[in-house]
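Chains, contacts and geometry: an overview
Here are the chains, one letter per residue:
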Amino acid sequence: MNTIRIIKWAAFVAVLGLIVWGLVAASQKADKESASLPKADQIVSGDWTRGNASSSVTLIEYSDFECPACAAFYPLVEEVNEKLGNKINFAYRHFPLTQHPNAIPAAKAAEAAGLQGKFWEMYTEIFMNQSEWAGTTTAHVVFNKYAVKIGLDIEKYNADYNLPEIKEKIDKSIMGGIKAGVNSTPSFFLNGKKITPQSYEQFEKLIDEAIASSQNS
């Protein structure tokens, strides 16, 4: 009887140990994955960037290609990059919202174009013509048209579009945005601080303040 009881206790302890080990391993994995997420206060190697790579001021936008507000901000973001690009290092990150069914396909199209060195060209086509594909069931056909227009190898583009690495990058961008407190698009972070400018003048003022702060620190 004692032998049976000892065996039962030994089995219980073994199972408990496996559960504890599993919880610790899961926690370590979650911590590792969290550490690998792109942060809102720094630009990482996988980011699509424009401007001055050596600038001490980073402007990061979390955006959704199908979001009407993001499309409305697009000309303003272009103006900021055109006029202030020498002062900042700008990065665009994906944050497709669940209510926009074509937001992830659009992000995948831009990433696939990026693998042929034409992310920004596809970015422009997608935003400039948002009304053509938003809410449709044939967005992929429209994106293929843009791919041809900007001179992509269409066979490579279609193959790259479904790469798991692209989906993983988009997912990490979303998780990083959530961790940073993004809850709407577009969301802007200037040196890690969330800002809500509504005009070019407000962008310029905040950027100049960030430059001055970096020079005094």
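In what follows, the structure referred to is the one given above.
Our subject in this report is the structure included herewith. Worth saying up front: this structure is predicted, and the values here are computed from it rather than measured. (Residues numbered from 1 in each chain as written. Predicted model: local features only at pLDDT ≥ 70, side-chain atom pairs only at ≥ 80, totals over all residues. Heavy atoms only, no water.)

**Section: the layout of surface pockets**
Just so we agree on the cut-off: Points on a 1 Å grid, built from protein atoms alone, make a cavity when a 1.4 Å probe fits but cannot get out and make a pocket when they are open with protein on both sides within 12 Å along at least 5 of 7 lines; residues with an atom within 4 Å of a point are the lining residues. Grid points are joined across faces, edges and corners, and a volume is the space filled by probe spheres set on the points. Runs of E in the DSSP output that reach at least two residues are strands. Runs of H or I that reach at least four are helices, and both are numbered from the N terminus. Nonpolar residues are Ala, Val, Leu, Ile, Met, Phe, Trp, Tyr, Cys and Pro. Charged residues are Asp, Glu, Lys and Arg, and all others, Gly as well, are polar.
Volume-wise, the largest pocket comes out at about 220 Å³. As for the largest pocket, its lining consists of 14 residues, and the residues nearest its centre are Pro38, Val44, Gly46, Asp47 and Lys169. Elements with a minimum of two residues in the lining of the largest pocket: strand E3 (89-94) and helix H8 (164-180). Here the residues of the lining of the largest pocket sort into five nonpolar, four polar and five charged.

**Digging into the sheet that holds E3**
Our working rule: Here, a strand pair is defined by DSSP locating no fewer than two bridges between the strands. Geometry is summarised by axes, namely lines fitted to C-alpha atoms with helices restricted to the contacting stretch, and by angles between N-to-C directions that run from 0 to 180 degrees. Whether two residues touch is decided by their heavy atoms; if any such pair falls within 4.5 Å, the residues are in contact.
Pairing in this open sheet of five strands is mixed, and the strands run E1-E3-E2-E4-E5 from one edge to the other. Edge positions in the sheet fall to strand E1 (48-51) and strand E5 (193-195), since each of these pairs with one other strand and no more. Taking the axes of each pair of neighbouring strands and ignoring which way they run, one obtains an average angle of 25° across the sheet. Bridging between strand E2 (residues 58-63) and strand E4 (residues 187-190) involves four bridges; their strand directions are antiparallel. Within E4, the residue paired with Leu59 across the bridge is Leu190. Those strands touched by H8 are E1, E2, E3 and E4, and its axis lies near 105° from that of E3.

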